[in-house]
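A look at the structure
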Amino acid sequence: MKTHRFHTAVMAALSLSTSIAAQRATEAAAEVLQTKSGPVSVERLAVLVEPWGMSSLPDGRLLVTEKPGRLRLYSDGKLSEPIAGVPAVAYRGQGGLLDVEIDPDFAKNGLVYLYFVEAAETQPKDARDVHDPRTGPDFDKEDNLLKGGAVARGRLEGNQLRDVQVVWRQVPKTIGRGHFGGRLVFGPDGKLFITSGDRQRFDPAQDLATNLGKVVRINPDGSIPQDNPFGKKEGARPDVWSLGHRNPLGAAIHPASKAVWIHEMGPWHGDELNSPAAGKNYGWPVVSNGDHYDGQPIPDHPTRPEFAVPIDYWHPAISPSGLTFYAGSLFKDWRGNALVGGLSTESLIRLTLEGSVVKSEERIGLHRRIRDVLEAPDGSVLLLTDAKDGELLRLTPAGR
Ligand SMILES: [Ca+2]
Ligand SMILES: [Ca+2]
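Just so it is clear, the structure is predicted and the values come from calculations on it, not from any experiment.

1. Describing the coordination of the calcium ion (ligand 2)
Around the calcium ion (ligand 2), the protein supplies S288 (O), G290 (O), I298 (O) and D300 (OD) as donor atoms, at distances of 2.2 to 2.6 Å. When the donors of the calcium ion (ligand 2) are listed by position in the chain, the intervening gaps give S-x1-G-x7-I-x1-D.

Below is the structure:
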């Protein structure tokens, strides 16, 4: 009895000290940030090489891409080995393996969609990129690779993608380091929206014969939806949903209106938030609330009423990447807010909305370039940071 009592007391003390130690370890690992809606705990869940996109599976596991060309599963504190079957990617400049999204019927069909940058089968001899001063100093004069964004889908079985097929491609492929776009989001009708950047070529964003500088909409198998706006227009690509975009790196479906929202990197300032409507023109490169990097002014949107004015814009730039509308219960004050990742601002940007009007903005500083934002099934907010030793971070309310 005595022994038992002693044993129980020791065990209780041990268990208490273990739980205190565990708590201290967690506290040491987690940072706490002060925000307008109270303290927020930031935990590092994993370290990845240039993580770019993520998508939650119905069973709670998380798919995460690494830009050099790896797709991994994260669950219970562990990252899987790279998933086999991912297409070869052209990893250079802003290109590589970008976003990942699962099929709305994933539980039944296991389909996973990847946005990746693909080299052309035939490469030009001795070709080099030609520098357009409007792009500024962000230029790779050694680049000789003809390439473009593409979307592939395959069925996830264990740690392998099977029956991988390309369902969409940027046309034409071009040399150049940047502006692939690369976000994927399914609309409520099961059609897939793809953000396609202008490849730093400017004018294609206004040319309906290319799908560069567009938001694109396809059926999941790559065929064209009957109700796409330019399906019957001669000389126009039928996959185009909206035009005049620069480099959109965030896309999400608004929870109330069910419309697609995107944000796009502006030139020298003038990043934009838009809700692209079928067939509308968002103005790039004719209008922008920013200017070219070489100082050439670009007229602002209101000077040309034929172009849609953005819902909101940032001047100076925030360099937005990743977009989600928060619908969870962990952060009660954040419900209905748009959460935007900020690369150059190294912050999570929280926008409160009234319908399609931005009412206020909070910048939650994280001292890291934020590449993607996702609400986890439990209502915590997951972030990816843009770095060679990038992180998967989890935000939860602190002090509960
Ligand atoms: Ca615009
Ligand atoms: Ca301007």
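2. Digging into the coordination of the calcium ion (ligand 1)
A four-donor tetrahedral metal ideally has 109.5 degree angles, and a six-donor octahedral metal ideally has angles of 90 or 180 degrees. Protein-derived ligands of the calcium ion (ligand 1) are E272 (OE), E272 (OE), Y282 (O) and H301 (NE2), with the metal-ligand distances lying across 2.3 to 2.5 Å. Read from N- to C-terminus, the donor residues coordinating the calcium ion (ligand 1) fall into the pattern E-x9-Y-x18-H. Placement of the pair is Y282 in the loop between β17 (271-274) and β18 (312-314) and H301 in the loop between β17 and β18, with a sequence separation of 19 residues.

3. A closer look at the packing of aromatic side chains
Under the definition given, this model contains eight aromatic pairs. Taken together, a centroid distance of 5.2 Å and an interplanar angle of 75° make the contact between Y113 and F186 edge-to-face. With Y113 in strand β8 (residues 111-119) and F186 in strand β11 (residues 181-186), the pair connects residues that are 73 residues apart, well separated along the chain. Neither Y113 nor F186 differs from the other in exposure class; each is buried. Considering the side-chain rings of W261 and F325, the 5.3 Å spacing of their centres and the 90° angle between planes classify their relative orientation as edge-to-face. Of this pair, W261 sits in strand β16 (residues 260-265) while F325 is found in strand β19 (residues 320-325), placing the two residues 64 residues apart along the sequence. The burial state of W261 is the same as that of F325; both residues are buried.

4. Here we look at the sheet that holds strand β14 (residues 240-243)
Strand order in the open sheet formed by four strands is β11-β12-β13-β14, with antiparallel pairing between adjacent strands. The sheet terminates laterally at β11 and β14, the two strands that pair on one side only. With strand direction ignored, the average angle separating the axes of adjacent strands in the sheet is 20°.

5. Considering the pattern of salt bridges
Here the structure, examined in full by the defined rule, presents 29 salt bridges. Put simply, R134 and D132 hold a salt bridge, and the shortest N to O gap is 2.8 Å. R369 is the salt-bridge partner of D386, the closest N and O atoms lying 2.9 Å from each other. Of this pair, D386 sits in the loop between β24 (381-385) and β25 (390-397) while R369 sits in the loop between β22 (357-365) and β23 (370-375), and the two are 17 residues apart along the sequence. Take D386: its relative accessible area is 17%, and that puts it in the buried class. Accessibility expressed as a relative area gives 33% for R369, which makes it partly exposed.

Quick notes on the rules
- Residues numbered from 1 in each chain as written.
- Chains lettered and ligands numbered in written order.
- Predicted model: local features only at pLDDT ≥ 70, side-chain atom pairs only at ≥ 80, totals over all residues.
- Heavy atoms only, no water.
- Donors = N, O, S within 2.8 Å, 3.2 Å for Na, K, Ca; no water.
- Helix = DSSP H or I, 4+ residues; strand = E, 2+ residues; numbered from the N terminus.
- Phe/Tyr/Trp six-rings, centres within 6.5 Å; stacked < 30°, edge-to-face > 60°.
- Buried < 20%, exposed > 50% of the residue type's maximum accessible area, 1.4 Å probe, protein only.
- Pairing = 2+ DSSP bridges.
- Axes fitted to C-alpha atoms, helices over the stretch in contact; angles between N-to-C directions.
- Salt bridge = Lys/Arg side-chain N within 4 Å of Asp/Glu carboxyl O.

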